[in-house]
Amino acid sequence: MNPEIYKLIHYAGIFTLLFALGSLFTKYNKAAVIGHGIALLLLILGGFGMQAKYKSVYVGQFGATWPNWLIAKIVIWVIFGAMVALAKKKKIQGPAAWIVCIGLALAAAYLAKFKPF
Ligand code: HEM
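If you're wondering where the values come from, they're calculated on a predicted model, not measured in any experiment. Numbering of residues begins from 1 in every chain and follows the order in which that chain's sequence is written. Only residues with pLDDT of at least 70 get local features here, since the model is predicted, and only at 80 or more are side-chain atom pairs given and counted; chain-wide, interface and lining totals rely on the full set of residues.

Caption draft 1: Main features of the site of the ligand. Using a C-beta atom placed from the backbone, a residue is scored as near a molecule or strand whenever that atom is within 6 Å of it. Near the ligand you find 22 residues, and of these Gly47, Trp77, Ala108, Ala109 and Ala112 are the closest. Of all the secondary structure elements, the ones that give two or more residues to the shell around the ligand are helix 1 (3–24), helix 2 (30–62), helix 3 (68–88) and helix 4 (94–114). A run of H or I in DSSP becomes a helix once it reaches four residues, and a run of E becomes a strand once it reaches two; helices and strands are each numbered from the N terminus. Ranked by residue count, the leading element in the shell around the ligand is helix 2, at seven residues. Classification convention: Asp, Glu, Lys, Arg as charged; Ala, Val, Leu, Ile, Met, Phe, Trp, Tyr, Cys, Pro as nonpolar; all other residues, Gly among them, as polar. Along the lines of polarity and charge, the residues of the shell around the ligand split into 16 nonpolar, three polar and three charged.

Have a look at this one:
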C-alpha cells in the first residue's frame, strides 16, 4: 500500500485520540473510551505500516529498522494508552491534562519529523 495511505490512517488516529482525550478529561464517558481505543489502533496500524515501508531508509540512516526515535514514539503511545486510567481516577485533570496531551502529541510529531536520535 502507498505509504501516504498509512500516514493518513496515522493522522486519523491522532485526531481521534486528541478528540477522545479532550472529551475524557472534560467528563469521563464510555463513547470517548471506545474512541480512545480506536485511535490507538489506527495510530499503531498507520505507524507500523509506515515503518514497514520506510525501514530500508531507516537502516541506511540509523543502522536499524527500529531506530531509537521510533522506540521513543512507542513509549509515548503507551503513555497515551494509560491516559484513560489517569482520566478515570482523576489523577490529572483540566488544563494540566490538556497541556500534557498536546505536549506528548507534539513530542511524537517532533520525533517523526526531526528524528533526533
Ligand atoms: C506505536 C506508536 C507509533 C509509531 C510506531 C509511529 C510511527 C511513525 C512513523 C514510522 C512515521 C513516519 C516517519 C517518517 O516520515 O520517516 C510517523 C510519523 C508521524 N507520527 Fe507517528 N508513530 C507512533 C505514534 C504516534 C503518536 C502517538 C503521534 C501523535 C499523537 C504520532 C504522530 C506522528 C506525526 C505527526 C507524524 C508525521 C507525519 C508526517 O510526516 O506528515 N505518532 N510515525
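And the narrative resumes.
Caption draft 2: Representation of the packing of helix 3 against helix 4 within the structure. Note on definitions: angles span 0 to 180 degrees between N-to-C directions of axes, and those axes are lines fitted to C-alpha atoms, for helices only across the stretch in contact. Here helix 3 crosses helix 4 at 160°, and the two axes come no closer than 9 Å. Between helix 3 and helix 4, the angle is such that the two are roughly antiparallel. For helix 3 against helix 4, the interelement crossing comes out left-handed. Counted together, Trp69, Ala72, Lys73, Ile76, Ile79, Phe80 and Met83 of helix 3 and Cys101, Leu104, Ala107, Ala108, Leu111 and Ala112 of helix 4 form the full contact between these two elements. For the contact of helix 3 with helix 4, a count of residues per class yields 12 nonpolar, no polar and one charged. An angle below 35 degrees is treated as roughly parallel, one above 145 as roughly antiparallel, one from 65 to 115 as roughly perpendicular, and anything else as oblique. With the far helix as reference, a near helix turned anticlockwise by less than a right angle produces a left-handed crossing, and one turned clockwise produces a right-handed crossing. Two residues qualify as a contact pair if the distance between their C-beta atoms, derived from the backbone, is within 7 Å.

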